[in-house]
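# Notes for the structure review
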Amino acid sequence: MVDTIDFRSDTVSHPTPKMREAMYNAAVGDDVYDEDPTVHALEAESAALCGKEAGLFVSSGTQGNLVSVLVHCGRGDEVILGDKAHTFVYEAGGIAALGGVIPHTVPVHPDGTLALDDIRRAVRGNNIHFPRTKLIALENTQGTVGGMPVSAEYTRAVAEIAREHKLKLHIDGARIFNAAAALGVSAKDLVADADSMTFCLSKGLCAPVGSIIVGDRAFIDEARRVRKILGGGMRQVGVIAAAGLVAIREMIGRIPEDHANARTLAQGLSTIPHIHVDLSRVKTNFVMFDLLDSAPVTPDEFVARLQREHNILMRPYPGFKRTFRAVTHYWITPERIEQTLGAVQELLA
Ligand code: TLP
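Calculation notes
Going along each chain's sequence as written, the residues are numbered from 1 onward. Selection of residues for local features in this predicted model requires a pLDDT of at least 70, selection of side-chain atom pairs for listing and counting requires 80 or more, and totals for whole chains, interfaces and linings are taken over all residues. To get the side-chain values, all heavy atoms of the structure are used, and hydrogens and water are removed first. At least two bridges found by DSSP between two strands is the condition for calling them paired. Only runs of H or I of at least four residues qualify as helices and only runs of E of at least two qualify as strands under DSSP, and these elements are numbered from the N terminus. Here a residue-residue contact requires only that any non-hydrogen atoms of the pair lie within 4.5 Å. All axes are obtained by fitting lines to C-alpha atoms, using only the stretch in contact for helices, and the reported angles, taken between N-to-C directions, cover 0 to 180 degrees. Salt bridges are defined as contacts in which a side-chain nitrogen from Lys or Arg sits within 4 Å of a carboxyl oxygen from Asp or Glu. Burial classes: relative accessible area under 20% of the type maximum marks a residue as buried, over 50% as exposed, and values in between as partly exposed (1.4 Å probe, protein chains only). As annotated, the domain borders come from an automatic or database domain assignment. Buried area is a sum: the accessible area each of two parts loses on coming together, probed at 1.4 Å, counted once for each and added. Two N or O atoms count as a polar contact when they lie within 3.5 Å, although within protein this holds only if one can serve as hydrogen donor and the other as acceptor, and sequence-adjacent residues are included solely when both atoms are side-chain atoms.

### Observations concerning the sheet that holds strand β13 (residues 323-327)
Sheet strands associate in pairs through backbone hydrogen bonding, adopting either a parallel or an antiparallel arrangement. Spatially, the four strands line up as an open sheet ordered β9-β10-β13-β12, and their pairing is antiparallel. Each having just a single partner strand, β9 (275-277) and β12 (315-316) make up the two edges of the open sheet. Strand direction decides the pairing type here: β9 and strand β10 (residues 286-291), joined by three bridges, are antiparallel. The residue bridging V277 from the neighbouring strand is F289, located in β10. Across the sheet, helix α12 (residues 255-270) touches β9, β10 and β13, and the angle it forms with β10 is around 15 degrees.

Spelled out as structure tokens, the structure:
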């Protein structure tokens, strides 16, 4: 059992004992030679799970998004994406730095969507002065607004705009299985209209490393080449892929537990003075809450004392001062939620 109660992200989730065992026993080969049987199994099962032809194992969600954008766009081309999209805000400008791809942002709404009219307006006409629009990128769940699940109907409407203008559609589905669980649909349904999608094994699914890109065979063949260019060709990587297989076979079905724990945490926090939580916005494994100005401790003291006195890690969302994001995952059990509520209550009394 992991000692610290760590709400900073689901990225902090350690591998399960079963993953460690699978990693120890993994059959491996040189994956750059396309000879790793465990990677083959992970890529094929992931593609089938998402209803796509092929999959590619990459080192991270950031690498998955970067590779995907670089396959869809050339230098000077443009991608339309949310102004709060992870790819725009938290990926160190990689698509511009390494691909010369221009991010054309439109506002992300509180429900995680981009207005269809904003997307339509952002598509460039054919004019020598303009960059060429090549791609629309969505995020599901949409992290920065609180882990909002985005529906299949909405995604289809965006895909229609993409098709109308001969653009591609990519989904950053880092937490696509959280979205699917929250909406009561399959991940397949959520990405059916997308040309490519990246999902993460290393967040709610608990694997130590890795993400998967899915798409059609030609796209994935090209993505494999771009991954190599980025130094992402790995060798006996079945050791890591083995944990990914446990992740997709055994961890997707338990995601509703994380959502239930998030709800319990949010409900408990909403009864504690000096905290504001909008319960209607807790849809997946994120709980966004504000530490009000009236609190007897500053945000820094709150963070430091939770850690020092209770071994609990919580942080304001990167870029925010008093808005915290508490993320539930496999290692945050119902007992730990109760323990956390007790600790916060004591600190703010
Ligand atoms: N997000 C991390 C931080 O980078 C903010 C987190 O703690 O949530 N897409 C989305 C929607 C993500 O939330 C993240 C990670 C990524 C992509 C990148 O994944 P990694 O960390 O594997 O590169």
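### Description of the sheet that holds strand β2 (residues 54-58)
Strand order in the open sheet formed by seven strands is β2-β8-β7-β6-β5-β3-β4, with mixed pairing between adjacent strands. The open sheet terminates on both sides in strands that have one partner only, identified here as β2 and β4 (102-106). Averaged over all pairs of adjacent strands, the angle between strand axes in this sheet comes to 25 degrees, irrespective of strand direction. Bridging between strand β5 (residues 132-139) and strand β6 (residues 168-172) involves five bridges; their strand directions are parallel.

### Describing the pattern of salt bridges
One pass over the structure, following the stated rule, counts 18 salt bridges. D118 is the salt-bridge partner of R121, the closest N and O atoms lying 2.8 Å from each other. Here the residue R121 and the residue D118 both occupy positions in helix α6 (residues 116-122), the gap between them amounting to three residues, near one helical turn. Under the relative-accessibility criterion, R121 is labelled exposed at 63%.

### Considerations on the domain arrangement of the chain
By domain assignment, the chain separates into domain 1 (5-10 + 254-348) and domain 2 (16-250). A separation of 28 Å is found between the C-alpha centroids of domain 1 and domain 2. Contact residues are listed per partner, giving 18 residues for domain 1 and 23 residues for domain 2. Carbon and sulfur atoms make up 59% of the area that domain 1 and domain 2 hide from each other, which totals about 1,700 Å². A per-residue breakdown of the area domain 1 buries against domain 2 is headed by D10, I255 and R281, which together make up 34% of the total. The salt bridge partner of D10 is R175, with a shortest N-O separation of 2.8 Å. Run the count over domain 1 and domain 2 and you get six residue pairs in polar contact (both at pLDDT 80 or more). Secondary-structure elements contributing two or more residues to the side of domain 1 that touches domain 2 are α12 and β10. Ranked by residue count, the leading element in the side of domain 1 that touches domain 2 is α12, at four residues.

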